[in-house]
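# Summary of the model geometry
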Amino acid sequence: MKIYKEPKIKVYIEKTDEYKELSLKSLKEIMKELKINPTTVIITNNGELITEDAEIKISDDICFLSVISGG
Amino acid sequence: MVCKFCNINPVFRFNSSNISLCKKCFIKYFERKVLKTMRLYKLVKKNDNIAIAASGGKDSTVILYILNTFIKDRTVKLQAIAIDEGIHDYRNKSLEFLKNFCKKNNIKLNIYSYKKEFGKSLDEILKTYKGIPCSICGVLRRYLLNKKSKELGVNKLVTGHNLDDESQSVFMNYSRNTLKLSSRMGPITGIKIHKNFIQRVKPLYFMSEKEVTTYAFLKGLLTKFSECPNDTDSYRAQVRDLLNDLEAKYEGSKNGLISSFLEILPLLKEKYKSLPEIKTCKVCDEPCSQEICQACKYVEEVIKNNKVNVNL
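Predicted model only: the values in this text are computed from it and were never measured.

Further remarks concern the overall build of chain A. On a plain count of helices and strands, chain A comes out with one helix and five strands. Sequence-ordered secondary structure for chain A, helices as α and strands as β, is β-β-α-β-β-β. Referenced to the eigenvectors of the C-alpha coordinate spread, the extents of chain A come out at roughly 55 × 20 × 20 Å. Looking at chain A as a whole, 46% of its 71 residues are labelled buried. Looking at chain A alone, contacts between residues at least 24 apart form 41% of all its contacts between residues at least 6 apart. In chain A, 11 positive and 13 negative side-chain charges are present, and the distance between their average locations comes to 7 Å.

Written as structure tokens, this is what we have:
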């Protein structure tokens, strides 16, 4: 019997310097789940800048880069 | 969703207007808006000798890059000025990036350190000083920027303050009932021109932090230096989070705050134009509102006498 494995995606959060593994869903839903405020990040996929309504897949390399710096 | 003009994948989306832009269109939009701000407020004029207050962070590097790229007027002189506060594992890294950037772009860079100018680095000061780090650091940094700009013969200091920085300051002055301080703000600082004050101008005034970060990323100017380690508990950091939450729910809030502020700014300037005359510090000759400037008080009480806290 085949066991169904829920597709997971790994994302990197620069602000906290950590990787999170989540079930595959839209970027907006991921950000909501991780409590990431969209005004505080830019998002890259495989090193290319994308917007939060871009479609993503399991093999993607998603990074949330913090826009806050300085002080 | 694709770019409004090119029909290709976008890199930035303005939710309020439902418009997305690709890399090329976003860069064009960003540069046009910054240059428009400069034209509208006459931030840089013929024969200006300007210094860009740079740190190696994204904001100041972006404005350094834009000014160095787009100012074609040969009568305008441009150089960079940086302050090394002495924050381990933070400022040393960003200054290294800045040095390389300036060398590559043939920009003269002047670096001044707290250690050399005041006798102690910020890290050393904070071993004994238990007040808010940003208060003392801000006073000392502004002091050095003004003093060193004058020594360099600069007539205008360009800073990388963006829409987020400015909306935070406006909000902070409202909530602390310090509107008098707001009267000196805007794309050009100061109520009146004073020989001892170097005028500060802010070409990124209408660009959000997210827009500046996007531009920096696309131009390869984004550095991986996180927030200042001393910034976490500051009042500004809390206001920043609050405004970001508001912006996420009601996009355009920061813009609205700044637009309404600019509408009342002439009234504030008029109201506070007759403030007490600017004095000269008895110790250092820098401009101040009292007999001795805040920087000299900090140097005397905190740096030399190791006071745990001071009430200026």
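Once that is clear, we can look at the interface of chain B and chain A. Contacts between the two partners involve 29 residues from chain B, matched on the other side by 22 residues from chain A. When the buried area of chain B at its contact with chain A is split by residue, K210, F217 and E227 of chain B rank highest and sum to 27% of it. Here chain B is connected to chain A by one salt bridge. R13 of chain B is paired through a salt bridge with D53 of chain A; the nearest N and O atoms lie 3.5 Å apart. Where chain B packs against chain A, one counts five residue pairs in polar contact (both at pLDDT 80 or more). Those elements that provide at least two residues to the side of chain B that touches chain A are strand 1 (12-14), helix 2 (58-70), helix 9 (209-218) and helix 10 (235-249) of chain B. Grouping the constituent residues of the side of chain B that touches chain A by class yields eleven nonpolar, five polar and 13 charged.

Residues and elements named next belong to chain B. Residues other than glycine seldom take positive phi values, yet N18 does so here, at roughly 60 degrees. Turning to its location among the elements, N18 is positioned in the loop between strand 1 and strand 2 (19-21). Under the relative-accessibility criterion, N18 is labelled partly exposed at 44%. Despite not being glycine, K42 has its phi angle at roughly 50 degrees, a positive value. When you line up the elements, K42 lands in the loop between helix 1 (23-40) and strand 3 (49-53).

Residue and element names in this part refer to chain B. Taken domain by domain, chain B holds domain 1 (12-275) and domain 2 (277-312). The straight-line distance from the C-alpha centre of domain 1 to that of domain 2 is 24 Å. Counting from both sides, the interface comprises 20 residues of domain 1 and, opposite them, 19 residues of domain 2. Interface area for domain 1 against domain 2, summed over the two sides, is near 1,700 Å², with a carbon-plus-sulfur share of 64%. The largest share of the area that domain 1 buries against domain 2 comes from Y129, V139 and Y143, three residues that together contribute 28% of it. Taken together, the links from domain 1 to domain 2 amount to one salt bridge. Here E286 makes a salt bridge to K150, at a shortest N to O gap of 2.7 Å.

Another aspect to go through is the sheet that holds strand 4 (residues 77-84) of chain B. All names here are of chain B. Strand order in the open sheet made by the five strands is 5-4-3-6-7, with parallel pairing throughout. Unpaired on one side and paired on the other, strand 5 (109-113) and strand 7 (199-201) mark the two borders of the sheet. For this sheet, the mean inter-axis angle between neighbouring strands, taken without regard to orientation, is 30 degrees. On top of the sheet, helix 3 (residues 91-104) reaches strand 4 and strand 5; it is set at about 160 degrees to strand 4, its chief contact.

Below, the discussion takes up the side chain of Q168 of chain B. Residues and elements named next belong to chain B. Secondary-structure assignment places Q168 in helix 7 (residues 163-175). One polar contact links Q168 to R236, side chain to side chain, over a distance of 3.1 Å. Discounting residues that sit within four places of it in the chain, Q168 has contacts with R236, V239, R240 and L243.

The next subject is the layout of surface pockets. Taken as a whole, the second largest pocket encloses approximately 590 Å³ of empty space. Lining of the second largest pocket is provided by 32 residues; of these, F12, R13, K210, E247 and E251 of chain B occupy positions nearest its centre. Going through the elements one at a time, strand 3 (41-45) and strand 4 (48-50) of chain A together with strand 1, helix 1, helix 7, helix 9, helix 10 and helix 11 (253-271) of chain B are the ones with two or more residues in the lining of the second largest pocket. Among the elements that make up the lining of the second largest pocket, the one with the highest residue count is helix 9 of chain B (four residues). Taken together, the residues of the lining of the second largest pocket sort by class into 13 nonpolar, nine polar and ten charged.

Rules used throughout
Residues numbered from 1 in each chain as written. Chains lettered and ligands numbered in written order. Predicted model: local features only at pLDDT ≥ 70, side-chain atom pairs only at ≥ 80, totals over all residues. Heavy atoms only, no water. Helix = DSSP H or I, 4+ residues; strand = E, 2+ residues; numbered from the N terminus. Buried < 20%, exposed > 50% of the residue type's maximum accessible area, 1.4 Å probe, protein only. Contact = heavy atoms within 4.5 Å. Lys, Arg positive; Asp, Glu negative; His and termini not counted. Charge placed at Lys NZ, Arg CZ, Asp CG, Glu CD. Buried area = accessible area lost by both parts, 1.4 Å probe. Salt bridge = Lys/Arg side-chain N within 4 Å of Asp/Glu carboxyl O. Polar contact = N/O pair within 3.5 Å; in protein donor to acceptor, adjacent residues only side chain to side chain. Nonpolar A, V, L, I, M, F, W, Y, C, P; charged D, E, K, R; others polar. Domains from an automatic or database assignment. Pairing = 2+ DSSP bridges. Axes fitted to C-alpha atoms, helices over the stretch in contact; angles between N-to-C directions. 1 Å grid on protein atoms, 1.4 Å probe; cavity = no way out; pocket = protein on both sides within 12 Å on 5 of 7 lines; lining within 4 Å. Points joined across faces, edges and corners; volume = space filled by probe spheres on them.

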